[in-house]
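The chain contents come next:
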Amino acid sequence: MKNFTCVQDLGDLKPALDEAFEIKKDRFKYVELGRNKTLMMIFFNSSLRTRLSTQKAAINLGMNVMVLDITQGAWKLETERGVIMDGDKPEHLLEAIPVMGCYCDIIGVRSFARFEDRDYDYNEVIINQFIQHSGRSVFSMEAATRHPLQSFADLITIEEYKKTARPKVVMTWAPHPRPLPQAVPNSFAEWMNATDYDFVITHPEGYDLAPEFVGNAHVEYDQMKAFEGADFIYAKNWAAYSGDNYGVVLSRDREWTVSNRQMAVTNNAYFMHCLPVRRNMIVTDSVIESPQSIVIPEAANREISATVVLKRMLEELK
Ligand code: AN0
Ligand code: CP
């Protein structure tokens, strides 16, 4: 695997899951693979889990790691081509990317949607420039439209906890004070659509995701109805995608906060969230602290998904 930005890059999910469980049993099994190889992680946005779990994955594989928070300490970067650079940005991304590529073998990039221009975000301009100009293998640590390391960890978690071959998985919108990207819900939908689970998306009207991510999922605007008989509840906030409302917060309705009221109609569902989560906005204290909450094992699986992805990229370097 040269680059990793979406579910298709991983190919068949079954062997990828087998590899994940093999690594989970012995996370240092491939510690020789990354010897004298360097991972560079570039963050345009904050992170706790991605930063730590990806670094741990690289350690599992015997790699060296460099981390750069591009907005703290590096030169402020111009990202548009053709701009007369007489403002506050001393360096262009088009030089910065190949320079960073000189010092490493694999590059991870976190670059969220900016919500200024939907086409710019949905064309994945930033991560695609890394793919085009770094000369290195590149993977997404959450780009504008997807968060594949998260979705892979989510899939591993569902496979570990599911009690039936074809669980009902419900992704629900929940309120949040600020506009958040669609990357996590887009990506989760993309991965769920690649399985044979019964997958349902529920959100208030106006929050429809891009059709290419919704795919064949069943969309239900009545949250209580969607939750009936669910085996997994996957909560997430996102800002609107549609038309002029792109990046807008249309609702902060706390009726949508996941609480015992909705969990009561599920099939004793497990509660999932990628974290960070705002308590009593997205989910009540009581649900996230309940025995059905698997947010911590879900986060733990980020190390596993990242180890599989880096392992596959290292294998291609050899
Ligand atoms: C980010 C998001 O919603 O995309 C990262 C989640 C992994 N969340 C926040 O910015 C709070
Ligand atoms: N879930 C996730 O990606 O968390 P961070 O934003 O803390 O990396």
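Thresholds applied
Residues numbered from 1 in each chain as written. Chains lettered and ligands numbered in written order. Predicted model: local features only at pLDDT ≥ 70, side-chain atom pairs only at ≥ 80, totals over all residues. Heavy atoms only, no water. Axes fitted to C-alpha atoms, helices over the stretch in contact; angles between N-to-C directions. Helix = DSSP H or I, 4+ residues; strand = E, 2+ residues; numbered from the N terminus. Parallel < 35°, antiparallel > 145°, perpendicular 65-115°, else oblique. Left-handed = near helix turned anticlockwise from the far one by under 90°. Contact = heavy atoms within 4.5 Å. Nonpolar A, V, L, I, M, F, W, Y, C, P; charged D, E, K, R; others polar. Disulfide = S-S within 2.5 Å. Buried < 20%, exposed > 50% of the residue type's maximum accessible area, 1.4 Å probe, protein only. Pairing = 2+ DSSP bridges. Right-handed = clockwise from strand over helix to strand, strands pointing away.

Undergrad: Please set out the packing of helix 3 (residues 49-60) against helix 13 (residues 295-317) residue by residue, giving values where relevant.
TA: Orientation of helix 3 relative to helix 13, taken along the N-to-C sense of each, is 50 degrees, at an axis distance of 8 Å. Considered as vectors, helix 3 and helix 13 are oriented oblique to each other. Considering only the axes of helix 3 and helix 13, their crossing is right-handed. Of the residues in helix 13, those in contact with Arg49, Thr50, Ser53, Thr54, Lys56, Ala57, Ala58 and Asn60 of helix 3 are Ala299, Arg302, Glu303, Ala306, Thr307 and Leu310. A class-by-class count of the residues in the contact of helix 3 with helix 13 yields five nonpolar, five polar and four charged.

Undergrad: Report on the packing of helix 4 (residues 93-102) against helix 6 (residues 125-133), specifying residues and quantitative values.
TA: It is the contact of helix 4 with helix 6, at a shortest axis distance of 9 Å, that shows an interaxial angle of 55 degrees. Relative to helix 6, the element helix 4 is oriented oblique. As for the relative orientation of helix 4 and helix 6, their crossing is right-handed in sense. Contact residues: Leu93, Leu94, Ile97, Pro98 and Met100 in helix 4; Ile126, Gln129, Phe130 and His133 in helix 6.

Undergrad: I'd love a proper account of the state of the cysteines, names of residues and values included.
TA: Counting across every chain of the model gives zero disulfides. A disulfide-free cysteine, Cys104 has its sulfur positioned 8.7 Å from the sulfur of Cys102, the nearest such atom. Given a relative accessible area of 3%, Cys104 falls into the buried group. Considering cysteine sulfurs only, Cys6 is the nearest to Cys274, which forms no disulfide, with 19 Å between them. Taking relative accessible area as the criterion, Cys274 reaches 7% and is therefore assigned buried.

Undergrad: Now, about the pairing of strand 1 (residues 38-43): what can you tell me, with residues and values included?
TA: The buried count for strand 1 comes to six of six residues, which makes it a mostly enclosed element. Every second residue of strand 1 is oriented toward a common face, with Thr38, Met40 and Ile42 on one face and Leu39, Met41 and Phe43 on the other, all of them buried. Of the pairings in the sheet, the one linking strand 1 to strand 2 (residues 64-69) comprises six bridges and is parallel in character. If you follow Phe43 over to strand 2, its bridge partner there is Asp69. Handedness of the crossover joining strand 1 and strand 2 through helix 3: right-handed. Two elements, strand 1 and strand 5 (residues 106-110), share five bridges in a ladder whose sense is parallel. Across the sheet, residue Met40 finds its bridge partner in strand 5, namely Ile107.

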